[in-house]
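# Coordinate inspection notes
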Amino acid sequence: TAFAMHHAATRAASSRSSKYSAIYSSQRILPLERPPDPSSFSSSNKSNDNVNDDDDMNERSYVQNQAQILRHWMMDKQSIVCLTGAGMSTESGIPDYRGNRGSYFRGHKPIIHYEFMSSEKQRQRYWARSLVGYSPFANAQPNLGHEALAKLEEKKVIGVELEECTDFDRLGESCFGNLTQVNGKEETRRLSIITQNVDTLHSKAGVKHCLHLHGRGDLVRCMNCGLTGDRKEYHDQLTEWNQEWLDEVTAGSTDNAVDDTTKDKKEELRPDGDAELGKVSYDELILPSCPRCGTKHHSHNSTINGNHEEEHQSFFKTDVVFFGDSVPRHRFDISYAAIDAADGVLCIGTSLAVHSAFRLVKRAIEKGTPVAILNVGETRVEREGLGDGLVTKLESPIGETLAEVVKILDQEELTAE
């Protein structure tokens, strides 16, 4: 097929320019080779010199062919769960880490959990950059891919039932949407998407059953007492307390723009609401403390000589899992239950480099569950040679491809009538 020939050519080109390689660490995996541009797949494959003009495959675009392959993969399955990554949201203007325009290729080093927790200066730096970078992140809108998955959920093409999973009661705000459905007297729990993203765009698109594996970027949490709040309100307070500092930084950015008119402002934005500010001092930034436990709190530890008093500072952190931190156990338990209940796992926009996602797919493969991967660029599954005969790999623009799948389903429904 056209897909097979193009895919073989792509893989061969990749091999000639040296295989993907990565530096594994406890925090992250850094790709050393840039994946292809997703937009090149739709434009360069609408015609194919190896396919006859009268061939049916030549009458459809490359993206449409990929959508047909994915729809065919779905046809014999009743319980598909989706696993999505940063590539899902790049078409909404949110950068990723490892994609064609990923921030790792611009020298970005995301903050590590230990750094944030142990250093006041690192917290000042993080929140200062967020003051500039979070607004575009928070205002991003769902793209074609998000909307298509919401429609696939509505059509019950994706989604699994988790009748025996008790950990739903512990999810709290790590999920968006109603994960519980009541059918008569029997209560069933559904899960359609497990996302590594913290942007909540799946929920904005109308997805009702989405687990945010790495948390939600629209919330903040006190690291002392656990109080959660709206991130926008925290940012408003940050802005109010640091308006003079922010005005100086903004003025400096404007001056730099005059000197360097060719600089792409989008290059300054980073994943998860981070932004590059250049040479800026963060020492004067004031961080609001928790309104419930105050600026300082005391904990008393009993010792042989009596009570020993330790003093700690309360501070807020975005309610997401930073690099170097661990995903809460109950979220993993629910994710594992969904993988076990699924008869197909669809991975979208993820290189599966992060272990929290890779282990879910590896579990599915070990159980013999078919896996489809819609992602431009090699994934960890391929690098490690897993899933022989179980994995279907598609390299195509995500939004267009998923939208085409919905069109195919709509046509099938019309034909059935």
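Up top is the structure these notes are about.
These notes cover the structure that comes with them. (Residues numbered from 1 in each chain as written. Predicted model: local features only at pLDDT ≥ 70, side-chain atom pairs only at ≥ 80, totals over all residues. Heavy atoms only, no water.)

### Here we look at helix H6 (residues 144-154)
- Buried residues of H6: Gly145, His146, Ala148, Leu149, Ala150, Leu152 and Glu153, and no others.
- Buried-residue contacts for H6 involve helix H3 (62-74), strand E3 (80-84), strand E8 (193-195), helix H7 (201-204), strand E15 (344-348) and helix H13 (398-416).
- With a side-chain oxygen lying 2.8 Å from the backbone nitrogen of Gly145, the N-terminal cap of H6 falls on Asn143.
- Trailing H6 by a residue or two, Lys156 shows a phi angle of about 60 degrees, which is positive. (Buried < 20%, exposed > 50% of the residue type's maximum accessible area, 1.4 Å probe, protein only. Helix = DSSP H or I, 4+ residues; strand = E, 2+ residues; numbered from the N terminus. Contact = heavy atoms within 4.5 Å. Polar contact = N/O pair within 3.5 Å; in protein donor to acceptor, adjacent residues only side chain to side chain.)

### Points about the packing of aromatic side chains
- What the rule picks out here adds up to nine aromatic pairs.
- Each ring, one from Phe116 and one from Tyr126, has its centre 5.5 Å from the other, and the planes form 85 degrees; the classification is edge-to-face. Note that Phe116 is positioned in helix H4 (residues 113-118) and Tyr126 in helix H5 (residues 120-138), a separation of ten residues in sequence. Here Phe116 matches Tyr126 in class, with each residue buried.
- For the ring pair Phe116 and Phe322, a centre distance of 5.5 Å and an interplane angle of 85 degrees mean the geometry is edge-to-face. Taken together, the residues span a long stretch of sequence, with Phe116 in helix H4 and Phe322 in the loop between strand E14 (316-320) and helix H10 (329-341) at a distance of 206 residues. Considered together, Phe116 and Phe322 belong to a single accessibility category, that of buried residues.
- An aromatic cluster is present here, built from Phe116, Tyr126, Trp127, Tyr234, Phe315, Phe316 and Phe322 joined pairwise through their rings.
- The lysine or arginine in question, Arg123, covers the ring of Phe315, its NZ or CZ lying 3.8 Å from the ring centre.
- The ring of Phe358 is capped by Arg380, whose NZ or CZ atom sits 4.2 Å from the centre of that ring. (Phe/Tyr/Trp six-rings, centres within 6.5 Å; stacked < 30°, edge-to-face > 60°. Lys NZ or Arg CZ within 6 Å of the ring centre and 35° of its normal.)

### Some details on the pattern of salt bridges
- Enumeration according to the criterion identifies 16 salt bridges in this entry.
- Across the salt bridge formed by Glu412 and Arg71, the nearest N and O atoms sit 2.8 Å from each other. Taken as a pair, Glu412 in helix H13 and Arg71 in helix H3 lie far apart in primary sequence, 341 residues in all.
- Overall, the relative accessible area of 11% leaves Arg71 in the buried class.
- The shortest N-O distance in the salt bridge between Arg363 and Asp340 comes to 2.8 Å. With a gap of 23 residues between them, Arg363 in helix H11 (residues 355-366) and Asp340 in helix H10 connect regions that are remote in the sequence.
- Judged by relative accessible area, which is 29%, Arg363 ranks as partly exposed. (Salt bridge = Lys/Arg side-chain N within 4 Å of Asp/Glu carboxyl O.)

### Description of the sheet that holds E14
- Spatially, the three strands line up as an open sheet ordered E11-E10-E14, and their pairing is antiparallel. In this open sheet, the two edge strands, each paired with only one partner strand, are strand E11 (228-230) and E14. The average angle at which neighbouring strand axes cross in this sheet is 45 degrees, direction not considered.
- Sitting on the sheet, H5 is in contact with strand E10 (215-222) and E14, with an inclination near 55 degrees to E14. (Pairing = 2+ DSSP bridges. Axes fitted to C-alpha atoms, helices over the stretch in contact; angles between N-to-C directions.)

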